[in-house]
Every structure is written in structure tokens, then in C-alpha cells.
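Chains, contacts and geometry: an overview
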Amino acid sequence: MTTRPALLALALAAALAVPSPGRAQSKADAFAGRIPPVSGQLYRKAGRLEATLTGNLSLNDPFFSKYFGGLKLGYHFTEFLSVSAHGAAGPSRKTGSTVLCPTNEPCRDATDIQLFQVPGEIEWLAGLEVAWSPVYGKLNVLSEQVAHFDLSILAGGDWIAHREAVSREAALAFEASGGSPATVGTYGGHVGLGARVFLAQWIALRLEVKDYLYRADVPNNGGKSLQNQLFTELGVSFFLPGRNRPLR
Amino acid sequence: MPPRAPLRLAVRVVLLLAATAALASAAPARAQLGIDLSAPKEEKKPAKKKPAAKKKPAAKKPAAKPAPREVEPAPAPAPGPAPEVAPVAPLPGEPAEQVPLPPPPEARPPQRPTQSQGITLAPLDPAASAAAKERLAAAKRLLDEKANETAALAFDGILREPAYAEVHEEARYQRGKALVRMGLLHSGLAAFDEILAKGPQGSRFYHSAMEWLFYAGRKLTNEQPVLARVARNAQGGFPPDHEDRFHYLLAKYQFERGRALQDAGRAAEAKGAFGEALRLTSLVREAAGGTPRPPLSGETAPPPGEAGDTFAKARFVEALVAYAQSDDAGAVESFKEVIRLTNPKRGRRADPELRELAFQQLARIHYQNRQNRYAIWYYGRMPWGGERWLEGLWEASWAHYRIGDYEKTLGNLLTIQSPYFEDEYFPESWVLEAIVYYENCRYPEARKVLDTFQRKYEPVYDELARITGRPQPPAAFYDLVRAGGSGTMRRILKLALTDRNIRALAESIGEIESELDRGIGERRDEFRNSALAKELGEKLSTERARLVEEAGQRARGKLEYERDQLRALLAQALRIQIEVSRKEREALEGSLAKGSQVEVLKDLKYSTAVSDEHLYWPYEGEFWRDELGTYSYTLTKGCKDRLPRSGAATRTP
């Protein structure tokens, strides 16, 4: 399988696109600057709305695995630039790594009291995002099929609702009362990389990896600390209108 | 339409291409060159005198001044007293100033008492002479200090003072230099024209002016202005540094003259001109263009005129002459020599454009001689994305068609008709596409292509007929071409500008306009309002009007030619359409007679397998820049019974 990027992105895109250097150097350069890399582009986004159903999975949190479902609505101003609003919510589960192994005692799962004291249990999030998609390319799949894709750089601001991390004393009190810490919200942001694989002019698969950053109060860790939650997002996009806008 | 019709078309195309081939590199602009077909005897003179002219510099070498120079000195007429005014120091890249020596009395041209030159028969006034020399020295100091604008005005002031007639000749020369240094190249060339017109015996500065002609010419976008002047002053000798280029330019001129004579039906005289062209090309030494000149200080790269391999160019002219004289084998050998010389591995001065052109000419000659596979090979050697690449791809389509490689023919046409090249004008590509579909019994496709062709090009033909039919001055045609149009008309008008002669003229016109508007118009008031600026403005305007007139005439000729070609193509399309209808009717009649549908198509065996060096990408309607020229159409269905092709289209070994 090889890829052929249409436009050069930053180092990031270059690393992902895996261009075939021989052709790019010797052939494409002859027309470089004189004619665009692609003409009659099959999958165009400019002037179209994109609605995406997403499934999100957290990757790097040692205490909680988040399984979110979400919706993203975006508008593409050009082939390269789009904005979108998104929201996602879902359950969190203890990760397999929340196991304590005290000295001279058998290992056991972390208790609720202990988990009340750690951050990262995000309950839902919503935000706005700007995406820059400098790369449009196609993949030759086993010399039989062609898959068109684009690559994007994403950045945005978010409102992140998460369960408050409390001190040991408060956790004990919650345990005694059978309650749980409150949900609190905070501003945050995210950066990430995204890719679309176009199945047709009206539908595409999306894959994004995003790092959500926000500040949360962790009493057992000396107060506010920067949280960093890595999410991977898989989605199915539907474009409206269902066909490319005609070129002007 | 009889099946032979498309083949006849192919033959016509070959002839057309071959004719274009001959003109391709040697941009003629005959009127600009002032080719004089009525005076063949005049042309023979330089041929006899050349050896003598060539020996002169060698004979005078010891007499050359030992001043630091990049160049061998021009032949000095005779030793004389040392000049009283110091020479101007050359800037990097400029010809070093040849300190002119006063000509011996016997060589001095008869003094003509023309007021315009400020020459009088009055005895020289010693006081005036001293003042003149002082003024000249002061002006030269300004030039030395790079105050070129002020220096130009100062030299012009001297020229307008009749009392300073003694130094007018040098002032005229220095004024030309100052103008060139100011970037007013055409103005400078016009100034040097005044010196060159007097000939080597008439002006001490003839050879220096000639050197500056070549120097300024290197900075122009095309060599036509220099070529025209070289041709005009061919008998006056040449600057030793530019000997090879001088011979090459003259050879090119003689080739063009030969072609013009040939076109006029004067074969004997044409043969003489071709012979002279060959003689001149043989004088270009192999060392010319042998090694790249390192950029001088202040230069990032050698100037355009300095680029290229003069020796290889001379071999190219030699090949063109051979071709013009129907010596195809000789032409092939010379073109191959050009290719060998321009091989980047040879370490000679790079000339990729000439190399591309040589490949194209070789391909055309082979195509013309029905050696289609050789033609395809040579077309394939034209560098991808080069200036003539698309033209080569189009011509190769015919060669592929001839050997029955319909897939590649249609693939090439896909590139040509892609949105990338929508500004290019290849109407015949639609006809060829229809022919291929017709020959493969793909009648609906053929009909669709023809419909598209007619829909696109019938209005174009009407418009061309309207434009060329109404009486207009030539300048109006040039203005029309330069203004461009919209849609397909834009393509045609652009096509007119791709004619090398028209393009060269348009470039020169653009340079002159720029010189008038910015070069002179944006200078400070002292210069802009000076008598010199006014005089230059008048000269440039006259020159511009002359070039516009010539470009307009050529544009008109080109548009008329395209109109006639398009008319022929539309007629051709109509014939194919009738033939398609006939075949469809036959199939229908067959079906009726048989009582069931008669199938004219059968499935063809095909494979998308490619070599290890390639990758198969199915075409889905999207064009990728790096795929251009690599398309191959997969014919999945073809004639059940192959239509007979004429012998002309059968495969050649």
C-alpha cells in the first residue's frame, strides 16, 4: 500500500502521508507551481456541512477508561479550513491498572474511596474546533482499490465536565454517606490530528487522536494540576449536500 | 467516411508537424530580421570576407593593450597615439572597454557635414577641443561613479553641442553604455545602432559597440533584437569574444533566409543560403558552450543569453538545414549529435530546452518516415513537464494510433483533454479520439465525442471566421491576441502567442513598453523631461509600432491558418459522423434481417498488470499532476470483426 499526498503539510503530515519520494522529486516537480497537484478532485468539502457520529475512547488515563458517544457538526469554508461543534458523553470504567499490591498483602482493586481522590473521570465534554486539512491523497490498496483520504490538524476549546477529585477525608465521608463527589466543569482545550477516508461523496470514515488539556483540583496532589487526556475518536461522517458543490 | 480518411489526416498532420519542426527552434521573424530576398549577391560577400575578418584579430593580437580584460581585443585599425581620456572601468560581466585608437588617416571615412551629427567642416578650435575633452572626461567620471543617469544626460549634452564634434563619436558610444547600465536595453541598442550603421571603417567604436550589443542582448528575453542587428552588420566583422555566437546567429539567419527563398520557389538561391548557413555553423567551435561560465560577482546565475551551448545550437541549425534539404538521414545524425552534446553527463553548458527540441525533431522525422516505434521512443525521451512535453504527447498519440496501440492513444488524449490543459488548443485530439472509437466499433462513444467536438468548436470557427474576415489593421490583430478572450477563444488567442515568432515579438514589445513606462517614465524629472528621454521615447515608440505591425501580421496569418485547419477538422468530423451512422444502420439492418440483435462488439482480453517499476492506479475522473502522460485507456470491448485499416496505419517494424 502506498500513499501519494497532494499537498505537503507540516512535518506531521509528511510523516503520516509517506510520499513516494522518487516520483515526487523527479516528476511532480516539473509542473510544480505551474498547475495544481490535483484537478477534478473527487471528494470536495468546500461549502458543505458535515455531521459525524463519533465513538471516543480514552487512551492514557491510568484510572478511568472513558467510552463516549458523540456528535460533531461542522462546516467547511474551503477544502482546507473548517469549524465544528462537538459534544460527547458516556460512562467511565475503572482501568485494569487500578490495582493495589501492598507489601505482604495480596493485590486488590482500588476502592471507591481511593478512586474518589484521583482525577480523570470525565463525564461529558463539548467544544468548538477549527480544523486545517492541508493534505488530500489517495491510497492504492493492494493494487486493486483506491481510497481517498485527507489529513487535518485540529485545535479547539472545550467545556469538560468531570467528577471532582476530593481529599481522603472527603472521600471517606462520601463512602460513609453513600454519596459521591460532585460533577464540576472547567474550560479546557484540545489539539489533535484527524484523518478522513472517503467512501463516497456523501460519507466518510473519520479517525482522530486528540489530547484534551484542562486544569483540575487534586487535593492530594497539592491543588490544581494540568490534566491531559488522550482520546481516540472513530466516526462516520455524512456530508450535506450529498454531492460536491460545483466548482466556480 | 471511408476508412482511409483518418489516415490521410494523419499524413497531413505529419507534414504540418514536420514543417513546424523546421521552424521550431530558429525563431525567424523575417520581417524583423529584414531578410532581403532580392539581393542574394550581397549575402555572398561576407562568405568570402569571413576568413579575412577572422584572421584580423589574431594578426593584431600583439598590438592589444595589456589592460586587464576578459576578452581578446577587437582588431585595432592601426597603432596611434594614446588616448587622452581614461577609459571607463567595466562593471562585472561587462565587456572591458576597448580604448579606441584614432583611425589612420587613410581609414577615416569621408566627413559628411550633416547637422544632425554635429559635424562641421570648420577647422578645429583648440579651446573648444579642450573643453570637449574636459566635458567628456567629466561625463566618464560620472559613469565610473555609477551615476549612469547623470552620465547619460552628460554624454547627450555633449552630443547636442556642435562645437564638441571632436568627441561626439565617443560620447555616442558612452551614452549607449550608460543607457544599458541603466537597464534601458532597447534604448542602448538603438544608441549603438548609430555607431554600427557607420561600419568598422566609419567609427572607431564599431567593435566596442558590437561587443556591447552582445552584452546587452544577453539580458533580453529573446535574441531577435541581437539577431537582427548581427544580420544587418554581418559584413562589419565580429567581436572576437563572440565569434561563435556571431557565426551561429548568422547561420540561423541564413537558414531562415533559405527557408524564405524556398517558400518563394527560388530553390537555387535557397540552396546557396543553406550552404552559407552550413559554412557558418562549421565555424562555430566545439569549445563554444563547452563549459559553463561561472557566475560573475553580483550574478546568481549567468544571464539568459549566456545560457545554452552555442556549438550544440549550431549543430541544431545544421540539422534543420539538412532537413530543409530533404536529407533526413543527415538531419537525424545532427540531431543525435545535439543530444549527445546536451547530455548532462557531458559536463558541457546545460541546454535542456535544446535537448528537448532535438528529441522532438528526431521523433517527428521518424514519424514522418513511418518509423512509429522509434518516434514513440524519442517522444518518450522528452522530459516530463517540459515546455514542449504536451505537444510531444499529442504527436505521440498519432504514432501510438498508427501502431494500433489504441489504449495509449486514448490515454494520452485523456491527459491532453484534462482540466489541467483546458487553456491549450488541441481540437484535433477530439477527432483522433472519435477515429479510435470508430475503429473499435464503439459507435456511441464516437458519436458522443464528435458531438462534443462540434458543440465546442463550431462557435469557435464562426468567431475565427468573423475575426479574420473583417478588414482590420495588423495592430488590431496583435491587440486582440494580447487582450485574450474567454473560453475556447482564449485558447486560440493563446495559441497565437505560442507561435515562436509572435511570442518573440510580443516579448520585445513588452520590454519596450516597460522601458517606456517604467525605465524612462519613472525616472526623476531631470531625466524624464530631458531631450534625451524625448528622443529615446520617440525611437522606442517607432520601434514598438514596427514590431506591433509585424506581430499583428503574423497573428493574422496564424489565426487564418487555425481557421482553415479548424474548418478541415469540422469537415473531417462530419465525415466520421456519417460513417458512424452508416455502420450503425448496417448493424440495425443486420438485426432486422436476422431477427435478433447483431452484436458488433466482443469482450477484449485485458490486464491491468504493470511492470514492477509501475503501480496501477485506476482512473476515477480525478487528475493527479504526477500521473499526467501516464494514462492508458483500458479497452474492454472492441470490434467483433476488426475493421480493415489501410496500409498506412498498419504496424511498422
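These numbers come from a predicted model, not from an experiment.

**Describing the overall build of chain A**
The helix and strand inventory of chain A stands at 4 helices and 13 strands. Here chain A holds 248 residues, and the buried ones make up 32% of them. Across chain A, the fraction of contacts at a sequence separation of at least 24, relative to all contacts at a separation of at least 6, is 67%.

**Some thoughts on the overall build of chain B**
For chain B, the count of helices and strands is 25 helices and 3 strands. In chain B, which comprises 653 residues, the proportion classed as buried is 44%. A separation of at least 24 residues holds for 70% of the contacts in chain B among residues at least 6 apart in sequence.

**Details of the interface of chain B and chain A**
Many analyses report the size of an interface as the accessible area lost when the parts associate. Listed as interface residues are 17 residues of chain B and, on the opposing side, 16 residues of chain A. Grouping the constituent residues of the side of chain B that touches chain A by class yields 10 nonpolar, 3 polar and 4 charged. Looking at chain direction, strand 2 (residues 38-39) of chain A and strand 2 (residues 623-624) of chain B are connected through 2 bridges and run antiparallel. Across the sheet, Ser-39 of chain A pairs through a bridge with Phe-623 of chain B, a residue of strand 2 of chain B.

**With respect to the packing of helix 17 (residues 389-402) of chain B against helix 19 (residues 428-439) of chain B**
All names here are of chain B. Interhelical geometry of helix 17 versus helix 19 gives an angle of 20° and a closest axis separation of 11 Å. On the basis of their axis angle, the class for helix 17 and helix 19 is roughly parallel. Where helix 17 crosses over helix 19, the handedness of that crossing is left-handed. Each of Trp-394, Ser-397, Trp-398 and Tyr-401 in helix 17 lies in contact with helix 19, whose residues at this interface are Ser-429, Leu-432 and Val-436. Taken together, the residues that form the contact of helix 17 with helix 19 break down as 5 nonpolar, 2 polar and no charged.

**A few points about the packing of helix 21 (residues 474-483) of chain B against helix 25 (residues 531-594) of chain B**
All names here are of chain B. Contact geometry for helix 21 and helix 25: axes closest at 7 Å, N-to-C directions at 75°. The angle between the axes of helix 21 and helix 25 places the two elements in the roughly perpendicular class. Contacts between helix 21 and helix 25 involve Pro-474, Ala-475, Ala-476, Phe-477, Tyr-478 and Val-481 on the former and, on the latter, Val-548, Glu-549, Ala-551, Gly-552, Gln-553, Ala-555, Arg-556 and Leu-559. Here the contact of helix 21 with helix 25 is built from residues that sort into 10 nonpolar, 2 polar and 2 charged.

**Side note on helix 14 (residues 328-341) of chain B**
Residues and elements named next belong to chain B. The first and last C-alpha atoms of helix 14 sit 20 Å apart over 14 residues, in line with the 20 Å expected at 1.5 Å per residue. Within helix 14, burial applies to Ala-331, Ser-334, Phe-335, Val-338, Ile-339 and Leu-341. For helix 14, the angular spread of the buried residues around the axis is 165°, confining them to a single face. Buried residues in helix 14 make contact with helix 13 (310-324) and helix 15 (352-368).

**A word on the confidence of the model for chain B**
Residue and element names in this part refer to chain B. Scored by pLDDT, chain B has a mean of 79; 76% of the residues are at 70 or more. Summarising per-element confidence for chain B, the mean pLDDT is lowest in helix 3 (residues 40-60) (36) and highest in helix 16 (residues 372-381) (97). Across residues 38-84 the pLDDT falls below 50, and counting only partners more than four positions away or on other chains, this stretch makes 54 contacts in the model. Throughout residues 646-653 the model reports pLDDT below 50, and contacts reaching past four residues in sequence, or to other chains, amount to 13 contacts. We note a pTM of 0.74 for the whole complex and an ipTM of 0.77 for its interfaces.

**Structural notes on helix 4 (residues 126-144) of chain B**
Residues and elements named next belong to chain B. Taking 1.5 Å per residue, 19 residues should reach 27 Å; helix 4 reaches 27 Å between its end C-alpha atoms and fits that length. Along helix 4, the residues that are buried comprise Ala-132, Leu-136, Ala-139, Lys-140, Leu-142 and Leu-143. Around the axis of helix 4, the buried residues are gathered within 150° of arc, so they sit on the same side. Along helix 4, exposed side chains directed more than 90 degrees from the buried face belong to Pro-126, Ala-127 and Ala-130. In this structure, the buried side of helix 4 is in contact with helix 5 (148-159) and helix 6 (168-181).

**What about unusual backbone geometry?**
In this chain, Leu-240 of chain A is followed by Pro-241 of chain A through a cis amide linkage whose omega measures -5°. Mapped onto the elements of the fold, Pro-241 of chain A is located in the segment after strand 13 (223-240). Phi is positive for Lys-146 of chain B, which is not a glycine, with a value near 65°. Mapped onto the fold, Lys-146 of chain B is located in the loop between helix 4 and helix 5. On the basis of neighbour counts, which here come to 13 C-beta atoms within 10 Å, the residue Lys-146 of chain B falls in the partly exposed class. The phi torsion at Arg-370 of chain B lies on the positive side, around 60°, for a residue other than glycine. Looking at the element boundaries, Arg-370 of chain B is found in the loop between helix 15 and helix 16.

**What to know about the pairing of strand 13 of chain A**
All names here are of chain A. Sheet analysis places strand 3 (residues 49-58) next to strand 13, joined by 10 bridges and oriented antiparallel. Within the sheet, the bridge partner assigned to Ser-58 lies in strand 13 and is Phe-231. Here 16 bridges tie strand 12 (residues 203-218) to strand 13, and the two strands are oriented antiparallel to one another. Each bridged residue has a counterpart across the sheet, and for Arg-215 the counterpart in strand 13 is Leu-226. Hairpin connection, strand 12 to strand 13: the antiparallel pair is bridged by 4 residues, and Gly-222 has positive phi, about 85°.

**Re the pairing of strand 3 of chain A**
Residues and elements named next belong to chain A. Relative to strand 4 (residues 64-76), strand 3 is paired through 9 bridges, and the arrangement is antiparallel. Counted as the bridge partner of Gly-55 is Gly-69 from strand 4. Count of turn residues in the strand 3/strand 4 antiparallel hairpin: 5 residues.

**Notes on the nonpolar core**
In a soluble, globular protein the nonpolar side chains are often hidden away together inside. Core analysis: the biggest nonpolar cluster contains 158 residues, and Ile-158, Ala-209 and Ala-434 of chain B have the highest contact counts within it. In terms of residue count, the dominant contributor to this core is helix 25 of chain B (13 residues). In this view, Ala-434 of chain B contacts Ala-446, Val-449, Leu-450, Ala-573 and Ile-576 of chain B; residues no more than four positions away in its chain are not counted. Core analysis: the second largest hydrophobic core is formed by 15 residues, Leu-125, Val-166, Ala-171 and Tyr-214 of chain A among them.

**Things to note about the confidence of the model for chain A**
Within chain A, residue pLDDT values average 86, and 88% of them lie at 70 or more. Here residues 1-28 of chain A scores under 50 on pLDDT; set against residues more than four positions off or in separate chains, the count is 51 contacts.

So, how was this worked out
Residues numbered from 1 in each chain as written. Chains lettered and ligands numbered in written order. Predicted model: local features only at pLDDT ≥ 70, side-chain atom pairs only at ≥ 80, totals over all residues. Helix = DSSP H or I, 4+ residues; strand = E, 2+ residues; numbered from the N terminus. Buried ≥ 20, exposed ≤ 12 C-beta atoms within 10 Å, placed from the backbone. Contact = placed C-beta atoms within 7 Å. Nonpolar A, V, L, I, M, F, W, Y, C, P; charged D, E, K, R; others polar. Pairing = 2+ DSSP bridges. Axes fitted to C-alpha atoms, helices over the stretch in contact; angles between N-to-C directions. Parallel < 35°, antiparallel > 145°, perpendicular 65-115°, else oblique. Left-handed = near helix turned anticlockwise from the far one by under 90°. Expected span 1.5 Å × (residues − 1). Arc of directions from axis to C-beta. pLDDT = per-residue confidence, 0-100. Core = buried A, V, L, I, M, F, W, Y, C linked by C-beta atoms within 7 Å.

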